[in-house]
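Chains, contacts and geometry: an overview
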2 protein chains.
Amino acid sequence: MTTTRRRGGAMSEVRRRRLRLEISREASRLFWEQGVDATSGDQIAEAVGLSTRTIWRHFRTKESCAEPLVARGVEWGMLILRAWPPHLSLEEHAAAERIRHVEEATADSVIDDRLALGIVALGDREPALRTAWLMACDKVERELAPVIARRLGLPADDHRVLPHAAATGAALRAYNEHVARTLLSGGDTQGLLHAPAHLARAVRGATGGAVGDAIAG
Amino acid sequence: MTTTRRRGGAMSEVRRRRLRLEISREASRLFWEQGVDATSGDQIAEAVGLSTRTIWRHFRTKESCAEPLVARGVEWGMLILRAWPPHLSLEEHAAAERIRHVEEATADSVIDDRLALGIVALGDREPALRTAWLMACDKVERELAPVIARRLGLPADDHRVLPHAAATGAALRAYNEHVARTLLSGGDTQGLLHAPAHLARAVRGATGGAVGDAIAG
DNA sequence: TGGCATTATGGCAGTAAGTGACGCGCGACG
DNA sequence: CGTCGCGCGTCACTTACTGCCATAATGCCA
């Protein structure tokens, strides 16, 4: 029995994701360098070495090309929350994960992170990019619900879970936007060392303290 | 002395808003009846009795035509929070405002509300409408910051205010989406009577209890 | 290893969203 | 009563995006 059911010469899911990310990288870079309006689909296609037609097969709109890269910013927070063991407080876990993240960082991943934050910051002026960012956050928020539900020992569609997920997503988003702004405006990168604490406090605050503590037992 | 300073035959701001709302009404109705993709700019223009060119003068994209109407859903919550007197708890104030809102409702406003919720619900399937909804909420959230700042007696750009604004906005959004879903799926409208309490509890929870109580003194 | 099925891709023509330019009409003001 | 400012319509134009068909690439199975 195969868990991943793909027939014929179908592209593997991981490969598809890689390709989308690659397109996203080039598109985001162009958006950053010359603005969204000044960047055409043809340019993106040429930059990534594909035909324009193929770009539109992988992305519905030009702006959405930025989503995968931009999503990695919040994805980092998502990974933390997903891998959050019950017996740890959020502060402890986030701090540990941050160290691991920094240790595992490659030159490329650093560039990606920087570029993603740039796009987020650019969203202040470019509505098109703002929607891409909001959509990415929206996607994260939807994935957040089951994670929080499991944390609280509630069914995923419980009416108390969704507001918590929304608030947590908002906290994550606000935090990322804050980082993006500070980084872009000359950047006091020193303050970013307290990231885990800030993030944990924001989530804790956003969920009224319901999400944050270690779970006994 | 004229407070609204307009020279020549300039369109007043209120008139401009009215026109945008009118366009939004027709566009949203068409989106609802036949889907976004099946609705062309020409159709919207014809429905509202303007030229297509004028539609694009008032809205940058087709989907954004839905924003003004859809924004009224959250705007209701915004109005409540904006007019929230310090000496009342959120529950008390929201309950009073809801009564007023129901009393002042006209046939048209009821239709508008219904249509707006329909568009919100439709956003689950139509990404284009989802972005419109998210943008509307985003706008509300930005306006929320100063309101919350004033409530807490903090400067608007305080680092504690923005997460609260984001979380409150998310709570508002989640609540509206919940209402939209229930209303669309056959609708237990009975439960909506507790709207003020739910909304207040959501905001309270989203801000860690910092926003919700009456302010003494 | 080699055929087969399935899918990703490229090229091209077509649709429709969105823009710039120009002229008209209308209401405001002297 | 002229003329000024501005919203609106018309038309030509650019470009994001889609269908369609041919072809190359890939995984499965003998």
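Residues numbered from 1 in each chain as written. Chains lettered and ligands numbered in written order. Predicted model: local features only at pLDDT ≥ 70, side-chain atom pairs only at ≥ 80, totals over all residues. Heavy atoms only, no water.

**Topic: empty space enclosed by the protein**
Over the atoms, a rolling probe the size of a water molecule traces out where space has been left empty. Applying the stated rule across the entire model yields 6 cavities of 30 Å³ or more. In this structure, the largest cavity occupies an estimated 160 Å³ of space. As for the largest cavity, its lining consists of 16 residues, of which Leu134, Glu141 and Arg173 of chain A together with Leu134 and Arg173 of chain B are closest to the centre. Counting only elements with at least two residues in the lining of the largest cavity, the list comes to helix H7 (127-152) and helix H8 (161-184) of chain A together with helix H7 (127-152) and helix H8 (161-184) of chain B. Looking at the lining of the largest cavity residue by residue, the classes come out as 8 nonpolar, 2 polar and 6 charged. (1 Å grid on protein atoms, 1.4 Å probe; cavity = no way out; pocket = protein on both sides within 12 Å on 5 of 7 lines; lining within 4 Å. Points joined across faces, edges and corners; volume = space filled by probe spheres on them. Helix = DSSP H or I, 4+ residues; strand = E, 2+ residues; numbered from the N terminus. Nonpolar A, V, L, I, M, F, W, Y, C, P; charged D, E, K, R; others polar.)

**Here we look at the confidence of the model for chain A**
Caution is warranted with low-pLDDT regions, since their predicted coordinates should not be read in detail. Scored by pLDDT, chain A has a mean of 87; 91% of the residues are at 70 or more. Confidence, read as mean pLDDT per element, is least for helix H9 (residues 195-206) of chain A in chain A (82) and greatest for helix H3 (residues 52-58) of chain A (97). (pLDDT = per-residue confidence, 0-100.)

**Things to note about the packing of H8 of chain A against H8 of chain B**
The N-to-C vectors of H8 of chain A and H8 of chain B enclose an angle of 140°; their axes lie 8 Å apart at closest approach. Our classification of the angle between H8 of chain A and H8 of chain B gives oblique. Seen along the crossing, H8 of chain A lies across H8 of chain B with a hand that is right-handed. Across the interface between the two elements, Leu162, Pro163, Ala166, Ala167, Ala170, Ala174 and Arg181 of chain A of H8 of chain A pack against Leu162, Pro163, Ala166, Ala167, Ala170, Ala174 and Arg181 of chain B of H8 of chain B. Across the contact of H8 of chain A with H8 of chain B, the residue classes tally to 12 nonpolar, no polar and 2 charged. (Axes fitted to C-alpha atoms, helices over the stretch in contact; angles between N-to-C directions. Parallel < 35°, antiparallel > 145°, perpendicular 65-115°, else oblique. Left-handed = near helix turned anticlockwise from the far one by under 90°. Contact = heavy atoms within 4.5 Å.)

**Considerations on the nonpolar core**
Counting residues in each nonpolar core, the largest one holds 51 residues, and the members touching the most others are Ile23, Phe31, Ile44, Ile55, Cys65 and Leu129 of chain A. At the level of secondary structure, the elements contributing two or more residues to this core comprise helix H1 (13-34), helix H2 (41-48), helix H4 (67-82), helix H5 (90-104), helix H6 (107-122), H7, H8 and H9 of chain A. Tallying contributions element by element places H7 of chain A first for this core, with 11 residues. Grouped together as the second largest cluster of nonpolar side chains are 50 residues, Phe59, Met78, Cys137 and Leu183 of chain B included. (Core = buried A, V, L, I, M, F, W, Y, C linked by side-chain atoms within 4.5 Å. Buried < 20%, exposed > 50% of the residue type's maximum accessible area, 1.4 Å probe, protein only.)

**Some words on the environment of Tyr175 of chain A**
Residue and element names in this part refer to chain A. With respect to the helices and strands, Tyr175 occurs in helix H8. On a C-alpha basis, the gap between Tyr175 and Ala202 in space is 8.0 Å, while along the polypeptide they are 27 residues apart. Setting aside residues no more than four positions away along its own chain, Tyr175 makes contact with Ala195, His198 and Leu199.

**Observations concerning the side chain of Asp112 of chain B**
Residues and elements named next belong to chain B. Summarising the element assignment, Asp112 is placed in helix H6 (residues 107-122). The class for Asp112 is buried, based on a relative accessible area of 5%. Polar side-chain contacts of Asp112 include one of 2.3 Å to the side chain of Arg25. Once residues within four sequence positions are removed from consideration, Asp112 is found in contact with Arg25, Leu69 and Arg72. (Polar contact = N/O pair within 3.5 Å; in protein donor to acceptor, adjacent residues only side chain to side chain.)

**Considerations on the relation of the copies chain B and chain A**
Mapping chain B onto chain A calls for a rotation angle of 180° and an axial translation of 0.0 Å; the resulting RMSD is 0.1 Å. These values place the two chain copies in the arrangement generated by a two-fold rotation axis. When the interface residues of chain B are mapped onto chain A, 100% of them again fall at the interface, so both copies present the same face. (Least-squares fit on C-alpha atoms with pLDDT ≥ 70 in both.)

**Overview of the UniProt feature "DNA-binding region" (unreviewed entry) in chain A**
The UniProt record annotates "DNA-binding region" (unreviewed entry) at residues 40-59 of chain A. For residues 40-59 of chain A, helix accounts for 75% and strand for 0%, while the C-alpha atoms at its two ends are 14 Å apart. (UniProt positions renumbered as here; feature names shortened; annotations may be inferred.)

**Here's the deal with the interface of chain B and chain A**
Contacts between the two partners involve 22 residues from chain B and, on the opposite side, 22 residues from chain A. Where chain B abuts chain A, roughly 1800 Å² becomes buried across the two surfaces, and 59% of that area is made up of carbon and sulfur atoms. Looking at the side of chain B facing chain A, the largest losses of area belong to Leu134, Met135 and Arg142 of chain B, adding up to 20% of the total buried there. Viewed at the interface, chain A and chain B are joined by 6 salt bridges. In this structure, Arg142 of chain B engages Asp124 of chain A in a salt bridge whose closest nitrogen and oxygen atoms are separated by 3.5 Å. (Buried area = accessible area lost by both parts, 1.4 Å probe. Salt bridge = Lys/Arg side-chain N within 4 Å of Asp/Glu carboxyl O.)

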